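# A closer look at the structure
Residue-level listing of the chains:
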Amino acid sequence: MKHLIPEFEQMKRRYPEGFEASLVLPCLRRIQEDRGFVAEEDILGVVEYLKVARIQVEEVLSYYTMLRRKPVGRWHLQACRNIACSMRGCDGLVGHLVEKLGIQPGETTADGRFTLSTVECLGSCGTAPVVMVNEAYHEDMDAAKLDQLIEGLR
Ligand code: FES
């Protein structure tokens, strides 16, 4: 994380003095972008750098499902399970993925290719059900589309 400190210093200038805790989220996002997840040493680094209590970092990490505490596979499939997606069959899609990939939500395939997660609203309720693959949205999904999508992932 130390190599990111010059960037953190740039971000810090945008915040009034005394509001260092507001930097927890942007710092964690940048760390995840860099490493792929937020490691224990990153948490300790943020605590030390921002001089905040560890609980402040833990709160942000546990609130935002997009922040990860462990590595994910090459392809991270995030299936929305909130109301609109639920009403449009997300449970069936998750079940389909569980069967197809042989893993449960929160797990990664043994070859490291796929991680499956269930998440709260992805903000695309009008095109539910939605599955995110890495940074891309896939909308109006069904089992056949999922199969096609997974076939195309190398
Ligand atoms: S409920 Fe799934 S995108 Fe909003």
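Residues numbered from 1 in each chain as written. Predicted model: local features only at pLDDT ≥ 70, side-chain atom pairs only at ≥ 80, totals over all residues.

### Comments concerning the overall build of the protein chain
Rule in force here: Here a strand is any run of E in DSSP of at least two residues, a helix any run of H or I of at least four, and the numbering for each starts at the N terminus. With C-beta atoms placed from the backbone, the exposure class of a residue follows from how many other C-beta atoms lie within 10 Å of its own: 20 or more, buried; 12 or fewer, exposed; in between, partly exposed. Residue pairs are scored as contacts if the distance between their C-beta atoms, which are placed from the backbone, is within 7 Å.
Each helix and strand in the protein chain was counted, giving seven helices and four strands. Reading the protein chain from its N terminus to its C terminus gives the helix and strand order α-α-α-α-β-α-α-β-β-β-α. The 154 residues of the protein chain split such that 19% are buried. Of the contacts formed within the protein chain by residues at least 6 apart in sequence, a portion of 59% connects residues at least 24 apart.

### With respect to the nonpolar core
A general trend in soluble globular proteins is that nonpolar side chains are found buried together. Defined as follows: Only buried residues count toward a nonpolar core: Ala, Val, Leu, Ile, Met, Phe, Trp, Tyr and Cys, linked into one set through C-beta atoms within 7 Å.
Core analysis: the biggest nonpolar cluster contains 16 residues, and Ala-79, Leu-93, Leu-97, Val-130 and Val-131 have the highest contact counts within it. Listing elements by their share of this core, those giving two or more residues are strand 1 (75-80), helix 6 (90-101) and strand 2 (114-119). Leave out the neighbours within four places in its chain, and Ala-79 touches Cys-90, Leu-93, Val-94, Leu-97, Thr-118 and Val-131. Counting residues in hydrophobic clusters, the runner-up holds seven residues, among them Met-1, Cys-27, Leu-28 and Val-38.

### So, the sheet that holds strand 4 (residues 136-138)
As a reminder, the rule being used: In short, DSSP must find at least two bridges between two strands for them to pair. Inter-axis angles, ranging from 0 to 180 degrees, are taken between N-to-C directions of lines fitted to C-alpha atoms, where helices are fitted over the stretch in contact.
The four strands are arranged 2-1-3-4 in an open sheet whose pairing can be described as mixed. In the strand order of this sheet, the two ends are held by strand 2 and strand 4, each with one partner. Between one strand axis and the next, the sheet turns through 25° on average, direction left out of account. As judged from the six bridges shared by strand 1 and strand 2, these two strands associate in the parallel manner. Along strand 2, the bridge assignment pairs Ala-79 with Thr-118.

### Some points on the domain arrangement of the protein chain
Definition in use: Domain segmentation is taken from an automatic or database assignment of domains.
Structurally, the protein chain comprises domain 1 (2-63) and domain 2 (75-151). The C-alpha-based centres of domain 1 and domain 2 are spaced at 29 Å.

### Things to note about the packing of helix 2 (residues 24-35) against helix 4 (residues 54-63)
Note the following rule: In this scheme the handedness of a crossing depends on how the near helix is turned from the far one: anticlockwise by less than a right angle means left-handed, clockwise means right-handed.
Closest axis-to-axis distance for the helix 2/helix 4 pair is 10 Å, and the angle between their directions is 65°. For the pair helix 2 and helix 4, the sense of crossing is right-handed. Residues Val-24, Leu-25 and Leu-28 of helix 2 pack against Gln-56, Val-57, Val-60 and Leu-61 of helix 4.

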